[in-house]
Amino acid sequence: MDGNDPPTIRLVQMQALGPFSWRWPEDVEHFDRGWSADAIVDGLEVRLRHGIGRREVYGRSRLHSVTWVEGQPTVEGVEADDFGASEALVSLIKAGKRHIRPGEPLPGGYGVFNVVVLAEAVAGPYSPRSLAVKLRLDDIEGWTRHALLRAKAWGRLGSSTRSRVQLAPLIAGGPAPATAATADAVGSRRVIAASLLELGASLSSTDHGPALDFTPNPEANELLQTDAFAFLIAVICDQGIVAERAWLVPFLLRARLGHLDPAQFAISEDDVRKAVQTPPMLHRYVEKVPRWLVQAAQLVVRRYGGDASRIWSGSPSADELRRRLDEFPGIGQKKAAMAVEILERDMGVPVSRLDRSDVAYDVHLRRVFLRTRLADRDEQDHMIQVARGLNPDRPGALDLPAWYVGRTWCHAGLPACSVCPLTNVCPKDIERAARVVSG
Ligand code: SF4
């Protein structure tokens, strides 16, 4: 092989990671989550780690990722300005240590990437007019490939016997791949459902469930657990933007308004609208969301005496709680079913008759249900019935793992099947979900 040829890269193993830290020469950076992976590059085994955190970059706080190859920081990613829509980070392409300018040829192996000009994707001081890849936050294969191309260009992949740099110890690990299945189990709905439930159990066994770790801000997470109206606001906002942003809205709203009092919300539509619309805007739906929040506050005051926690008081059945949530503007089947699961599973709210719980008809779940052939068609009622048939004791238990698989591995574009926990059991019917593009 010519030294300039792009390497052959195969991702063979991946493990989700919990929080960890990395000591730079000047400071310590904390990463909320990430993944570790093993890849085979031109026949050599290479170990990677990827961390996602947040720091001041190009003039404001942005999501920031680092990918290590053989223990050495190799590429960094920075939240794109259109992250709310694209869920993407951008990362410089380099030839040696040099940036590539628009019009210059790309190094080998970058032809498959979405390439942008960094200054156009990330507006801010010192943002360079240099070429960069634009990758979804959860595109594991893309980040792996980008980091390995850089590592190869920097001559860091020359030896399989080099001793590995010891990475910082993990504080928490992520889900393990589902149990391996026999060949004739591939495509079996029961086996796929069992694998999803196994993954769901591993996700739920953290101190508090994954939904309450949505935001990278511990104070915001604490607010969601202790203030019922904050939780309701987050559920209403969980639409059209990534979950991390939606679940941060109550915390940011409280900082802007000085309170999260439903009684004041109910009579302060102009203040709520201004708080949502002031740059940086808290939500892309700058008209709908403030209106929904004020109407929700009015319903909380009128029906629940101003105490949102009374929405789920009295150990309601899963379907009754879903009905109560569904009455709020901006909450439909998807958000109501999701909220029932989060309240019971992650917040310890007593909910009875979990056999009447349901999956949320969410874009990620739809994609996974179709590609695994759990569902035959993309219809809300059909998918709900499929889940009820597969796990009648608690259909809603399939919701979190299906959502998580869709968000982490089963991307709308190229799914990361080789590292997906369902890879041993999934028929990988990728085309079936080709038209599932929005929630
Ligand atoms: S990523 Fe691949 S293996 Fe995983 S659910 Fe999607 S199609 Fe199946």
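Below you will find a few notes about this structure. Nothing here was measured: the structure is a model prediction, and the numbers come from that model. (Residues numbered from 1 in each chain as written. Predicted model: local features only at pLDDT ≥ 70, side-chain atom pairs only at ≥ 80, totals over all residues. Heavy atoms only, no water.)

**A look at the nonpolar core**
Move 1: L232, W247, L253, I311 and W409 are the most contacted members of the largest nonpolar core, which has 123 residues in total.
Move 2: Examining the composition of this core, we find that ten residues originate from one element, helix α6 (residues 228-237), more than from any other.
Move 3: Formed jointly, this core draws a minimum of three residues from each of two domains, domain 1 (9-153) and domain 2 (183-433).
Move 4: Those residues in contact with I311, other than ones at most four positions away along the chain, are L232, V300, Y304, L321, R324, L325 and F328. (Core = buried A, V, L, I, M, F, W, Y, C linked by side-chain atoms within 4.5 Å. Buried < 20%, exposed > 50% of the residue type's maximum accessible area, 1.4 Å probe, protein only. Helix = DSSP H or I, 4+ residues; strand = E, 2+ residues; numbered from the N terminus. Domains from an automatic or database assignment. Contact = heavy atoms within 4.5 Å.)

**Let's talk about the packing of aromatic side chains**
Move 1: Enumeration over the complete set of coordinates arrives at ten aromatic pairs.
Move 2: Centre to centre, the rings of Y110 and F113 are 5.1 Å apart; their planes meet at 40°, and the pair counts as tilted. Considered together, Y110 and F113 belong to a single accessibility category, that of buried residues.
Move 3: These aromatic residues form a ring-pair network of at least three members: F20, W22, F31 and W68.
Move 4: Positioned above the aromatic ring of F20, the side-chain terminus of R49 is 4.5 Å from the ring centre. (Phe/Tyr/Trp six-rings, centres within 6.5 Å; stacked < 30°, edge-to-face > 60°. Lys NZ or Arg CZ within 6 Å of the ring centre and 35° of its normal.)

**Digging into unusual backbone geometry**
Move 1: With an omega of -10°, the peptide bond between P279 and P280 qualifies as cis.
Move 2: With respect to the helices and strands, P280 occurs in the loop between α10 (269-277) and α11 (288-304).
Move 3: In this model, E70 sits at a positive phi of 50°, which is unusual for a non-glycine residue.
Move 4: Take E70: it is sitting in the loop between β5 (60-69) and β6 (72-79).
Move 5: Owing to a relative accessible area of 8%, E70 belongs among the buried residues under this scheme.

**Some remarks on the site of the ligand**
Move 1: Neighbouring the ligand are 13 residues, the closest being C410, C417, C420, C426 and I430.
Move 2: Applying the majority rule of atoms within 2 Å of the grid points places the ligand in the largest cavity.
Move 3: Of the residues belonging to the shell around the ligand, the class tally is nine nonpolar, two polar and two charged. (Near = heavy atom within 4 Å. 1 Å grid on protein atoms, 1.4 Å probe; cavity = no way out; pocket = protein on both sides within 12 Å on 5 of 7 lines; lining within 4 Å. Sits in = over half its atoms within 2 Å of the grid points. Nonpolar A, V, L, I, M, F, W, Y, C, P; charged D, E, K, R; others polar.)

**Quick word on empty space enclosed by the protein**
Move 1: Enumeration according to the criterion identifies five cavities of 30 Å³ or more in this entry.
Move 2: By volume, the largest cavity is sized at about 100 Å³.
Move 3: C410, C417, C420, C426 and K428 are, among the 15 residues lining the largest cavity, the residues nearest its centre.
Move 4: Of the residues in the lining of the largest cavity, the class split is eleven nonpolar, two polar and two charged. (Points joined across faces, edges and corners; volume = space filled by probe spheres on them.)

**What about the packing of α6 against α11?**
Move 1: Viewed as axis vectors pointing N to C, α6 and α11 meet at an angle of 140°, and their least axial separation amounts to 10 Å. Pair α6 / α11 crosses with right-handed handedness. Contact with α6, carried on its side by F229, L232, I233, I236 and C237, involves V289, W292, L293, A296, A297 and V300 of α11 and no other residues of that element.
Move 2: For the contact of α6 with α11, the class distribution of residues is eleven nonpolar, no polar and no charged. (Axes fitted to C-alpha atoms, helices over the stretch in contact; angles between N-to-C directions. Left-handed = near helix turned anticlockwise from the far one by under 90°.)

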